[in-house]
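Observations on the three-dimensional arrangement
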Amino acid sequence: MRVRTKHGAMLIAGVLATAGGVRAQEMKMPAQEQHHQMNIPVVKPEYPRMGRAQEDATGALVALEQVEKIAGESNPTLRQAEAEIRAAKARQQQSGLYPNPTVAYTGDEIRGGSVGGGKQGFFVQQTVVTGGKLGLSREVFGKEVKLAEIEAEEQKTRVQSAVKMAFLRVLAAQELLYARRDLAQIAQDSVETQRRLMNTGQADETEVLEAEVEAQRMRMSARMQENTLREEWRSLAAVIGRPDLPLSTVAGDLEKGWPEVNEEEAVETIAKESPAVRIAETAEARAQSVLGRARREAIPDIQVRGGMEYNNELLGSAPFAKGWEGIAELAMQIPLFNRNQGNVSAARADIERAAGEKKRISLTLRERAASAVDQYANARVMAVEYRDEMLPRAKKAYSLMAGRYGQMLASYPRVLDAQRKLYELQIEYIGALESVWTNGIALQGYLLTDGLEAPARPGEVDRPIRETNVPMPERTMSPRESMRNP
């Protein structure tokens, strides 16, 4: 990157001799002759490129497949979702179990002394559940099992999207770190050039001070990017469930394999196929089952009791007691005042609310998806423009300026300025690539991006929806606006 010469005097002479094409013409000396007489070093253009962090890595590179595997084994939310499925199945089993029978002692007209008499015995009591209420209860909890299963699928998608996004952010942070270090070096070259020019009377102290401030600013930006890289790695290590994982270099190519999203169909796909929509539909079906169960509650259960009692009362003048006697009872409540009408009305209201929630989620997903699609489309346009138009032109301008410097038709500060602009465009290009990846991954994952959010329990799935936590503005705004400059 930095132009180095064996002799400082040569560079000074080159800077002075190439202070401008006009001056060279005034001297009426051919550029090639000046070049040979002054012995100006040839500037070999150094262009920005991706992947240098991976080339300079001292340890093994970390691939996306590796972190995805670790997340599948260590992310606690996946285990939570599995546990919730087991719990829902256990509740379904419990809801369909028949009531336990009651075994009891009974005694009546018990007397003591010489008179004796009385009755003592036992009975068994059983509640006979009518109206198919146990089956309907199993149906209600069966819907909760379904909710837990969909929630587990949703959580898996959420973790996968979060891992991919965190990984790509680490990769982008690596590329940005090298680019910012390059900018810092260019700024330092500019400082040294301005100092040489001041020593020969071609620049004043203000120009040197301005160059020093800019160099300090670029060095500070590079150090801040080092912190950002560590932050992104910690985020990745946390979402895969391994916060102790040491900082490593990740392997990948930001310029290849972009997420392919059909912008016309993305919103419809998310609004119709998202796990959030399926959860809302199942929640509405559960509300219907609860209403059916509430209606059957008014059908009274039957209490059946049967047993034996030993009657100690003597039979007339006979010296022995009456003996064992059987007992039997049937009882049931008359639904005269309480016909469960309040719970039935509440169940109807819950159905109405569930239907509204399903529509609300669909509309909310459309709104958020439309915003994410817009950000994805803008990022992709920017990335393509940087790659195909702006960067090639900036490279050509830098190359031409370096050639003109070699011909003594341009000053060295102008070469550094062209190089600086090229690397600034490279930084913006990396930011655009990161935005393409993050928004594309979010759209492919139905906007499910928080890999450490706990899965909802079946009874909590219609709380304020979490399925729309799209990446926030800092991650998805334009590269120029989102540059982490001091």
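Structure: above.
A brief structural summary. (Residues numbered from 1 in each chain as written. Predicted model: local features only at pLDDT ≥ 70, side-chain atom pairs only at ≥ 80, totals over all residues. Heavy atoms only, no water.)

Some words on unusual backbone geometry
A negative phi holds for most residues other than glycine; trans holds for most peptide bonds. In this structure, Met-408 is a non-glycine residue whose phi angle is positive, near 65°. With respect to the secondary-structure elements, Met-408 resides in the loop between helix 11 (341-406) and helix 12 (412-444). Backbone geometry places Leu-447, a non-glycine residue, at a positive phi of 70°. (Helix = DSSP H or I, 4+ residues; strand = E, 2+ residues; numbered from the N terminus.)

Notes on the sheet that holds strand 4 (residues 321-332)
In sheet architecture, strand pairing relies on hydrogen bonds along the backbone and comes in two forms, parallel and antiparallel. In space, the four strands of this open sheet follow the order 1-2-3-4, with antiparallel pairing throughout. The sheet is open, and its two borders are formed by strand 1 (102-108) and strand 4, each paired with just one other strand. Strand-to-strand twist in this sheet, taken as the mean axis angle between neighbours without regard to direction, amounts to 20°. (Pairing = 2+ DSSP bridges. Axes fitted to C-alpha atoms, helices over the stretch in contact; angles between N-to-C directions.)

Topic: the pairing of strand 3 (residues 302-314)
Across 10 bridges, strand 2 (residues 119-128) lies against strand 3 in antiparallel orientation. Opposite Val-128, over in strand 3, you have Ile-302 as the bridge partner. Inspection of the sheet shows strand 3 paired to strand 4 by 11 bridges, in the antiparallel sense. If you follow Val-304 over to strand 4, its bridge partner there is Leu-330.

Some points on the nonpolar core
One finds Trp-233, Leu-236, Ile-240, Leu-254, Val-415 and Leu-443 to be the most contacted residues of the largest nonpolar core, which totals 81 residues. Taken together, the elements giving at least two residues each to this core come down to helix 5 (64-74), helix 7 (133-199), helix 8 (205-239), helix 9 (263-273), helix 10 (275-296), helix 11 and helix 12. Considering every element that reaches this core, the biggest residue donor is helix 7, with 19 residues. Excluding residues that lie within four positions of it along the chain, Val-415 makes contacts with Val-43, Tyr-398, Met-401, Ala-402 and Tyr-405. Of all hydrophobic cores here, the second largest spans seven residues; its members include Leu-291, Ala-294, Val-344 and Ile-351. (Core = buried A, V, L, I, M, F, W, Y, C linked by side-chain atoms within 4.5 Å. Buried < 20%, exposed > 50% of the residue type's maximum accessible area, 1.4 Å probe, protein only. Contact = heavy atoms within 4.5 Å.)

Description of the environment of Pro-99
Assignment of secondary structure puts Pro-99 in the loop between helix 6 (76-95) and strand 1. Linking Pro-99 and Gln-126, residues 27 residues apart in sequence, is a C-alpha distance of 7.6 Å. Look past the residues within four positions of Pro-99 in its chain and what remains in contact with it is Gln-126, Thr-127 and Val-129.

Concerning the packing of aromatic side chains
With the rule as written, the count across this model stands at three aromatic pairs. Ring centres 5.4 Å apart and planes at 45° place the aromatic pair Tyr-405 and Tyr-412 in the tilted group. For the residue pair Tyr-405 and Tyr-412, the accessibility class agrees, reading buried in each case. Its end group placed over the ring of Tyr-178, Arg-181 keeps NZ or CZ at 5.8 Å from the ring centre. Between Arg-305 and the ring centre of Phe-123, over which it is positioned, the NZ or CZ distance is 4.1 Å. (Phe/Tyr/Trp six-rings, centres within 6.5 Å; stacked < 30°, edge-to-face > 60°. Lys NZ or Arg CZ within 6 Å of the ring centre and 35° of its normal.)

Some words on helix 11
Compared with an ideal rise of 1.5 Å per residue, which puts 66 residues at 98 Å, helix 11 spans 94 Å between its outermost C-alpha atoms and is within 8% of the ideal. One or two steps after helix 11, the chain reaches Met-408, where phi turns positive at roughly 65°. (Expected span 1.5 Å × (residues − 1).)

As for the environment of Glu-284
Exposure remark for Glu-284: the relative accessible area of 17% places this residue in the buried category. C-alpha separation for the pair Glu-284 and Glu-352, spaced 68 residues apart in sequence, amounts to 8.5 Å. When neighbours within four sequence positions are excluded, Glu-284 is seen to be in contact with Ala-354, Ala-355 and Lys-358.

As for empty space enclosed by the protein
Across all of its chains, the model carries four cavities of 30 Å³ or more by this definition. What the second largest cavity holds in volume is close to 40 Å³. In this structure, the second largest cavity is lined by Pro-48, Arg-49, Met-50, Arg-52, Glu-175, Tyr-178, Ala-179, Gln-426 and Ile-430. At the level of secondary structure, the elements contributing two or more residues to the lining of the second largest cavity comprise helix 7 and helix 12. Here the lining of the second largest cavity takes three residues from helix 7, the largest share from any one element. (1 Å grid on protein atoms, 1.4 Å probe; cavity = no way out; pocket = protein on both sides within 12 Å on 5 of 7 lines; lining within 4 Å. Points joined across faces, edges and corners; volume = space filled by probe spheres on them.)

Some remarks on helix 5
For an α-helix, 3.6 residues make a turn, and residues three or four places apart therefore share a direction. Three or more residues of helix 5 are buried, namely Val-67, Ile-70 and Ala-71. Along helix 5, the residues classed as buried sweep out an arc of 100° about the axis, all on the same side. What points out from helix 5, more than 90 degrees from its buried face, is the exposed set Glu-65, Lys-69 and Glu-73. Turning to helix 5, the residues buried within the fold contact helix 6, helix 7 and helix 8. (Arc of directions from axis to C-beta.)

Honestly, it's all geometry; don't read function into it.
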